[in-house]
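Structural features, examined
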Amino acid sequence: MLSVLWRSLDSQDKVIFLDGSEHYFIPRLKMEKVGDNEYELLYTTRDVYSPVEDFLVEYAYDTSLRQLSDSLSYSNAFDRMEDIENDGKELSDRVVEALKEKLDGFKNKNVIHLNQIKLNYGNEQREDSEAIQEV
């Protein structure tokens, strides 16, 4: 699946480092070619990049890497806004407005929350094993 995602990206956006390694950087994601027909999809949300879960790779395969990136960004902004509202902390109006603007930017796009992706793509293995037990 990762090789298909790699080929779907625009080669003009590819970053080639001095060591010859090839990378694509998309908000919250990095796709890297690690060998012949070997690729990695990584989260870039922390200092140490970590591999993306298989169900998210499947979601990106069904939609696009850009759609996955938008969903991750939306989920982060939505969760932060919920935390602000639930914690009752007083933050500057600029911070709250910036989050609201970010969320408003996703209204015109068909973006779903990470939790919905987990429900749709993350439970397939469990459902398959439940089906086996029923037989």
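Residues numbered from 1 in each chain as written. Predicted model: local features only at pLDDT ≥ 70, side-chain atom pairs only at ≥ 80, totals over all residues. Heavy atoms only, no water.

So, on to the overall build of the protein chain. Each helix and strand in the protein chain was counted, giving 6 helices and 5 strands. Moving toward the C terminus, one meets the helices and strands of the protein chain in the order α-β-β-β-β-β-α-α-α-α-α. Dimensions of the protein chain, computed from C-alpha atoms along their principal axes, come out at roughly 55 × 50 × 30 Å. When burial is assessed residue by residue, the protein chain has 33% of its 135 residues classed as buried. Restricting to contacts in the protein chain with at least 6 residues of sequence separation, those with at least 24 account for 48%. Counting only carbon and sulfur atoms, one obtains 44% of the accessible surface of the protein chain, whose full area is about 9400 Å². (Helix = DSSP H or I, 4+ residues; strand = E, 2+ residues; numbered from the N terminus. Buried < 20%, exposed > 50% of the residue type's maximum accessible area, 1.4 Å probe, protein only. Contact = heavy atoms within 4.5 Å. Areas by Shrake-Rupley, 256 points an atom, 1.4 Å probe, with all protein chains shown as cover.)

Under the definition given, this model contains 4 salt bridges. Among the salt bridges present, the one from Glu22 reaches Lys14, with a minimum N-O distance of 3.2 Å. Note that Asp70 is salt-bridged to Lys109, the shortest N-O span being 3.6 Å. Of this pair, Asp70 sits in helix α3 (residues 65-87) while Lys109 sits in the loop between α4 (93-105) and α5 (114-122), and the two are 39 residues apart along the sequence. (Salt bridge = Lys/Arg side-chain N within 4 Å of Asp/Glu carboxyl O.)

Before going further, it helps to spend a moment on the nonpolar core. Counting 22 residues, the largest nonpolar core has Leu29, Met31, Leu41, Val52, Leu56, Leu65 and Leu68 as the members making the most contacts within it. Looking at this core, the elements that each hand over two or more residues are α1 (2-8), β2 (22-26), β3 (29-35), β4 (38-43), α2 (54-62), α3 and α5. Those residues in contact with Leu29, other than ones at most four positions away along the chain, are Tyr24, Leu41, Leu42, Thr44, Val52, Leu65, Leu68, Ser69 and Leu72. Tyr74, Ala77, Leu99 and Phe106 belong to the second largest nonpolar core, which has 9 residues in total. (Core = buried A, V, L, I, M, F, W, Y, C linked by side-chain atoms within 4.5 Å.)

Here we come to α5. Here α5 has its buried residues at Leu114, Ile117 and Tyr121. All buried residues of α5 fall inside an arc of 50° around its axis, so they share one side. (Arc of directions from axis to C-beta.)

Strand order across the open sheet formed by 5 strands is β1-β2-β3-β4-β5, with antiparallel pairing between neighbours. A strand with exactly one partner marks an edge of an open sheet, and here the two such strands are β1 (15-16) and β5 (50-51). Relative to β5, β4 runs antiparallel, the two being bridged by 2 bridges. Residue pairing across strands places Leu42 opposite Pro51, the latter belonging to β5. Against the sheet, α3 engages β2, β3 and β4, with an angle of about 135° to β3. (Pairing = 2+ DSSP bridges. Axes fitted to C-alpha atoms, helices over the stretch in contact; angles between N-to-C directions.)

Close contact between α2 and α5 brings their axes to 9 Å; oriented N to C, the two are set at 90°. Comparing the axis directions of α2 and α5 gives the class roughly perpendicular. Listed contacts from α5 to Phe55, Leu56, Glu58, Tyr59 and Asp62 of α2 are Leu114, Ile117, Lys118, Tyr121 and Gly122. Taken together, the residues that form the contact of α2 with α5 break down as 6 nonpolar, 1 polar and 3 charged. (Parallel < 35°, antiparallel > 145°, perpendicular 65-115°, else oblique. Nonpolar A, V, L, I, M, F, W, Y, C, P; charged D, E, K, R; others polar.)

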